Amino acid sequence: MHWVPIIPSSGFNDKMPGSEDLIDRLNEVRARIDAACRACDRDPGSVRLLAVSKTRGSDEVRAMHELGVEAFGENYVDEAVAKQDALGPRQPEWHFIGPVQSNKTRTLAERFDWVQSVDRVKIARRLADQRPADRPPLNVLVQVNIDDEAQKSGCARDDVVELAADVLARPTLVLRGLMAIPAATESPEDARPAFARLRALLDRLRDEFPEHRARFDTLSMGMSSDLESAIREGATVVRIGTALFGPRPG
């Protein structure tokens, strides 16, 4: 499977300001993913693009969705809900990737397809209890504080197995894997040890819970600056914002 440039369909809104830039940036990101996968003998289809759309307008999300981007990641619940309401019936897949506040779990359980930032039992319990009965189980990732940074959200590495066991016991949740945001580095290559540690943690979960091994298929790691390093270490989801949408406004 090889990357081919995006050619907008006849329904694409090419009148939106900056639409050509969106196409060019999406083509460039797809090409980077393809090249990174080929460099380490991986199928480019094994890596999913998550468009990080925080601070971006609903028109930009709609345009990217029309270009074939299926999944979008948001950090702020109220901002995300406003975009969902503006987009109408044709919704992409929504991932929440920011720190989870207890008073926002109901909205997350009701309005999102994935929550990538589950980092404590209290949040898992609330999401499970509040997931509507008429919706499929909520896909979740355990967020790991992979570099033990005091200021950063995430479960401690030593607590990952315990938290995973709690999530697995809740039928309205499906644990799919792990997510991490490594410490900032001067070079993308410097992030590889952190990515490797996250991959090793996922392997440990597969060993600890062999009956769920097939479901542990997701390593969400890597962003605009270091997606190549993340892919070399096994990323299956890369979270890309600036490289897709350009510099954030303001």
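Up top is the structure these notes are about.
Residues numbered from 1 in each chain as written. Predicted model: local features only at pLDDT ≥ 70, side-chain atom pairs only at ≥ 80, totals over all residues. Heavy atoms only, no water.

Caption draft 1: The arrangement of the overall build of the protein chain in detail. In terms of regular secondary structure, the protein chain is built from nine helices and eight strands. Rg of the C-alpha trace for the protein chain: 18 Å, near the compact-globule value of 18 Å for 250 residues, within the 12% margin. Expressed along its principal axes, the backbone C-alpha trace of the protein chain runs to roughly 50 × 40 × 35 Å. Here the protein chain holds 250 residues, and 49% of them are scored as buried. (Helix = DSSP H or I, 4+ residues; strand = E, 2+ residues; numbered from the N terminus. Rg over C-alpha atoms; globule rule 2.2 N^0.38 Å. Buried < 20%, exposed > 50% of the residue type's maximum accessible area, 1.4 Å probe, protein only.)

Caption draft 2: How the structure looks around unusual backbone geometry. Positioned with a positive phi, aspartate 41 is a non-glycine residue whose angle comes to about 60°. Here aspartate 41 shows up in the loop between helix H1 (19-39) and strand S1 (48-52). Despite not being glycine, aspartate 148 shows a phi value in the positive range, around 55°. Following the sequence through the fold, aspartate 148 ends up in the loop between strand S5 (138-144) and helix H6 (160-168).

Caption draft 3: Up close: the pairing of S5. Most of S5 is tucked away: seven of the seven residues are buried. For strand S4 (residues 114-118) and S5, the ladder comprises three bridges, and the chain directions are parallel. Looking at S5, one finds that valine 115 is bridged to valine 140. A crossover connection joins S4 to the parallel S5 through helix H5 (residues 121-130); in handedness this β-α-β unit is right-handed. Pairing between S5 and strand S6 (residues 173-180): seven bridges, direction parallel. Paired with leucine 138 across the two strands is leucine 173, which belongs to S6. Crossover S5 to S6 through H6 is right-handed. (Pairing = 2+ DSSP bridges. Right-handed = clockwise from strand over helix to strand, strands pointing away.)

Caption draft 4: The packing of aromatic side chains, seen in detail. Here the structure, examined in full by the defined rule, presents two aromatic pairs. Ring plane angle 45° and centroid distance 6.1 Å describe the contact between phenylalanine 72 and tryptophan 94, whose orientation is recorded as tilted. In this pair, phenylalanine 72 sits in strand S2 (residues 71-74) while tryptophan 94 sits in strand S3 (residues 93-96), placing the two residues 22 residues apart along the sequence. Considered together, phenylalanine 72 and tryptophan 94 belong to a single accessibility category, that of buried residues. (Phe/Tyr/Trp six-rings, centres within 6.5 Å; stacked < 30°, edge-to-face > 60°.)

Caption draft 5: Main features of the pattern of salt bridges. Summed over the entire model, instances satisfying the criterion amount to 23 salt bridges. The residue arginine 204 makes a salt bridge to glutamate 208 at a minimum N-O spacing of 3.7 Å. Pair noted here: arginine 204 and glutamate 208 are both in helix H7 (residues 192-208), with a separation of four residues, about one helical turn. Take arginine 204: its relative accessible area is 38%, and that puts it in the partly exposed class. Several salt bridges converge on common partners, so that one network encompasses Glu189, Arg192, Arg199 and Glu233. (Salt bridge = Lys/Arg side-chain N within 4 Å of Asp/Glu carboxyl O.)

Interpretation note: all reported values are geometric properties and have no functional meaning in isolation.
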